[in-house]
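The lines below spell out each chain.
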Amino acid sequence: MKKRTLLSFLALTLTVPLLFACKKTDHTSNPLITEVPTPTVTMQATQSKEFITDYLLTIDSMTGYDISELLYGLFLEDINYAVDGGLYTEMVKNRSFEYGSMAKGENLHGWSADQDLEYRVTDGSLDHSYLNQNNTHYLSIRNTTESELSIKNSGFLDGMTIEEGANYEFSGYFRSKEGISSLQILLIDESGNLYASASIPEITKEFRKYEVTLTALASAPSSFGVSLYVVFGKGQMDADMLSLFPQDTYKGRKNGLRKDLSLALEELSPAFLRFPGGCVVEGETLENSYNWKNSIGNGIPFEINGSVTYGDVATRPLSENLWGDQNSSSNHPYYMTYGLGFYEYFLLCEDLGSEPVPIVNAGLSCLIQGARKVGTPADALPIDSEEFYQYIQDALDLVEFCKGDETTTWGAIRIAMGHKEPFPLNYIGIGNEQWGTIYFERYEQFVKAFEKAALEKPELYKDIQLIVANGPVASDTYAWKKIKLYGTEYAGLVDEHYYMAPSWFLSNTKRYDSYDRNSVPVFLGEYAAKSNNLEAALAEAAFMTGIERNGDIVKLASYAPLFGNSISYQWTPDLIWFKSGVVWKSVNYYVQQLFSTNVAKQVIPSTLTGNQSKLTNESFYQVCGIDENQDIILKLVNTSDKSIDITIRIPELKETKAFVTTLSSESLTDMNTVVNPKLIAPVDASIIASEEFIYQMPKYCVAILRIPTK
Ligand code: AHR
């Protein structure tokens, strides 16, 4: 946050409402727009016979202006079963018996048992018989027969996929006062075929964590209906946190992430990762808003197997996910286990080489979804209440968790969880997509507290920049108006969101050309052209040429949402589609990939010349850049139904082999699907480039030309 004293900030706060009262709200343009457009891309109409192709693209200089190193990143929200049932590789649904009223069968949801088995879920909060105070329910079982009886769990949504030879790690907490004659863990499909088995020897009187590894004898797609069976001989016992993970997680991490989905993220080279929302940060009410402390077990000590741990998944209280169906007994209830919590999020950032951009609740629930449930306008805590201040404290503590050493409360917990080194943290978003006095008066309290903290503990807080929300619509200017009134220290970034039709993206490629270069930079936190077809992807690509051209003031941009589970989802389009054992990438994904893996260091000036009608009926978009190796990178987008010839002039370029990657297809309605996942995928080729050469660009195409100059 740029420094300005709190006093001057508050003085302005008191005087400006009067100024505003006479101003008409303008929803069509940004109030900070200046008259001066960015002079780096010139378009010229020509009648001359100087060139014979459709366009002439001339590189005017090999030096331009630096653009953001963080430009292309990702936004991960647990929507569409992106996390629980998706990226987080836990295979057991309702492992902790904490599911509630959203779920069919409530605490027993996901589980079934042999008829003769006596079983029930016990709430141990009254007599403290629980595993810990954040995980109070457990399963009590009694087998009075001479036969072995079992409980089983078939996993999330379309179930479990098993691979021959792969190892699966089962863990569970068990205790038995009277003993149990045998305990086995099996993987069995609907037809009764056994895939793996392991035994657990005698169990103790107090809860203890037991772990066994199962090796699969054969493969089974999810359609085979493999379930985890926990099989008991005669006796009585309690069980909790019954969990199964593939051993082969992304980067081999325990409690890890699905490898195929994580690799799809890795292949995007995301510069940053925004998390965890989105609306899940806000909640329909504050009760189901995402709380980062819950996601690390609130820092409670957990004594088990003779030692004390912090942050264990067994200590993370479950929360309803606002994207779930709150009002019915659902077969696919949506809970957040927080198994992929903030600690795993920071590890994922580390593994992907991405900068974390966490978002926290502003003491205010979702103004759109919340209004439906709470009434108007939303669940908002009074700003002078202790409850509200706790939200600020939580945000301050998040910084301490990332950067603090062992002498700090939350830094010590991070270290106890296994990460001695601090996690990098420069930005924190305060609230998501909110607006109005109800939001800004809360946001301003966070600003005040962070300014104070920066003075008191500069080693933790001085570099932290706050991100202000700007409402949910492209024409929203809420935050920009605040900045115009109070100055650029109001925020470190302004978070714009928009989901618009492809035509909007095509006609707004110059949106940022006239943004004030001296104002607060932009974080385009969520955007999509509302379809997973080629038309939408081309529109996004055309728009992204505008983002990159303005990469000096658009600091970060992320498509949303990131994942869609094809079995059950709440939002389309999505960048990456998946179900159990299968992943396919949308054409929008490949657009993101082409841009993010060919990012320039500088945008360099260019001139586009074409005949008048071509330039007026704009269907060709481009941005030219240069990277640190002095490779020229041309990003070209042809949205027309005709191939085009482009004369490319690069003064003084020696003849060289250049690399071309194209993404195109026959029809604008084409899209990648589970049955045809690579209908539209990047194709690599090479061409000879020189001082002047012609590039023939297919119709409906995004092309990246990488031209070495050394
Ligand atoms: O990306 C899906 C949702 O869209 C996000 O949760 C919210 O911020 C926006 O309305």
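Model, not experiment: these values are computed from the prediction.

1. Considerations on the overall build of the protein
The helix and strand inventory of the protein stands at 14 helices and 37 strands. Compactness check: the protein gives a C-alpha radius of gyration of 28 Å against a globular reference of 27 Å for 710 residues, within 12% of the reference. With the C-alpha coordinates of the protein rotated into their principal frame, the extents come out at 95 × 60 × 45 Å. Expressed as a percentage of the 710 residues in the protein, the buried residues total 61%.

2. Some remarks on the packing of aromatic side chains
This structure, assessed with the given rule, holds 50 aromatic pairs. An angle of 75° between the planes, with centres 5.8 Å apart, marks the rings of phenylalanine 275 and tyrosine 290 as edge-to-face. Of this pair, phenylalanine 275 sits in strand β15 (residues 272-275) while tyrosine 290 sits in the loop between α3 (279-282) and β16 (301-304), and the two are 15 residues apart along the sequence. Residue class for phenylalanine 275 comes out buried when judged on its relative accessible area of 2%. Looking at tyrosine 290, the relative accessible area reads 9%, which means it is buried.

3. Description of the site of the ligand
In the region of the ligand, the neighbouring residues are Glu77, Ile79, Gly278, Cys279, Trp323, Asn432, Glu433, Tyr499, Glu526, Ala560, Pro561 and Trp571. Between glutamate 77 and the ligand, the recorded distance is 2.6 Å, taken from a side-chain N or O atom to an oxygen atom. Between the ligand and the protein, one listed contact pairs an oxygen atom with a side-chain N or O atom of glutamate 433 at 2.7 Å. A total of 280 Å² of accessible area belongs to the ligand in isolation, and the protein chains cover 95% of it. Taken together, the residues of the shell around the ligand break down into seven nonpolar, two polar and three charged.

4. Observations regarding the sheet that holds strand β31 (residues 620-626)
Whether parallel or antiparallel, the strands of a sheet pair through hydrogen bonds between backbone atoms. Pairing is antiparallel across the open sheet formed by seven strands, whose spatial order is β3-β29-β31-β32-β37-β34-β35. Every other strand in the sheet has two partners, leaving β3 (65-66) and β35 (683-689) as the edge strands with one partner each. In this sheet, strand β37 (residues 701-707) lies alongside strand β32 (residues 632-638) in antiparallel orientation, the contact comprising seven bridges. Bridge pairing in β37 places valine 637 opposite valine 702.

5. Some thoughts on the side chain of arginine 706
Mapped onto the elements, arginine 706 comes out in strand β37. On the accessibility criterion, arginine 706 (18% relative accessible area) is buried. Within the structure, arginine 706 has its side chain in polar contact with the side chain of aspartate 627 (distance 2.9 Å).

6. Things to note about the pattern of salt bridges
Scanning the entire structure with this criterion turns up 32 salt bridges. In this structure, the salt-bridge partner of arginine 511 is glutamate 496, at a minimum N-O distance of 2.9 Å. Remark: glutamate 496 occurs in strand β23 (residues 493-499) and arginine 511 occurs in the loop between α11 (502-507) and β24 (522-528); sequence separation between them is 15 residues. The exposure classification of arginine 511 matches that of glutamate 496, with both residues buried. Within this structure, Glu169, Glu211 and Lys254 form a network of salt bridges that share partners.

7. Comments concerning the state of the cysteines
Scanning all chains against the criterion turns up zero disulfides. With no disulfide partner, cysteine 349 has as its closest neighbouring cysteine sulfur the one in cysteine 402, 9.3 Å distant. Exposure remark for cysteine 349: the relative accessible area of 2% places this residue in the buried category. The thiol sulfur of cysteine 701 is not disulfide-bonded, and the nearest other cysteine sulfur, from cysteine 624, lies at 15 Å. Using a relative accessible area of 0% as the deciding quantity, one classes cysteine 701 as buried.

8. Some remarks on helix α10 (residues 478-486)
Across the nine residues of α10, seven count as buried, placing the element largely inside the fold. Taken as a whole, α10 has its buried residues at Ala479, Trp480, Lys481, Lys482, Ile483, Leu485 and Tyr486. Once α10 finishes, glycine 487 follows within two positions and takes phi at roughly 105°, a positive value.

9. A look at the domain arrangement of the protein
Interfaces are often sized by the accessible area lost when the parts come together. As assigned here, the protein comprises domain 1 (41-67 + 600-707) and domain 2 (106-246). With centres defined by C-alpha atoms, the gap from domain 1 to domain 2 works out at 57 Å.

So, how was this worked out
- Residues numbered from 1 in each chain as written.
- Predicted model: local features only at pLDDT ≥ 70, side-chain atom pairs only at ≥ 80, totals over all residues.
- Heavy atoms only, no water.
- Helix = DSSP H or I, 4+ residues; strand = E, 2+ residues; numbered from the N terminus.
- Rg over C-alpha atoms; globule rule 2.2 N^0.38 Å.
- Buried < 20%, exposed > 50% of the residue type's maximum accessible area, 1.4 Å probe, protein only.
- Phe/Tyr/Trp six-rings, centres within 6.5 Å; stacked < 30°, edge-to-face > 60°.
- Near = heavy atom within 4 Å.
- Polar contact = N/O pair within 3.5 Å; in protein donor to acceptor, adjacent residues only side chain to side chain.
- Areas by Shrake-Rupley, 256 points an atom, 1.4 Å probe, with all protein chains shown as cover.
- Nonpolar A, V, L, I, M, F, W, Y, C, P; charged D, E, K, R; others polar.
- Pairing = 2+ DSSP bridges.
- Salt bridge = Lys/Arg side-chain N within 4 Å of Asp/Glu carboxyl O.
- Disulfide = S-S within 2.5 Å.
- Domains from an automatic or database assignment.

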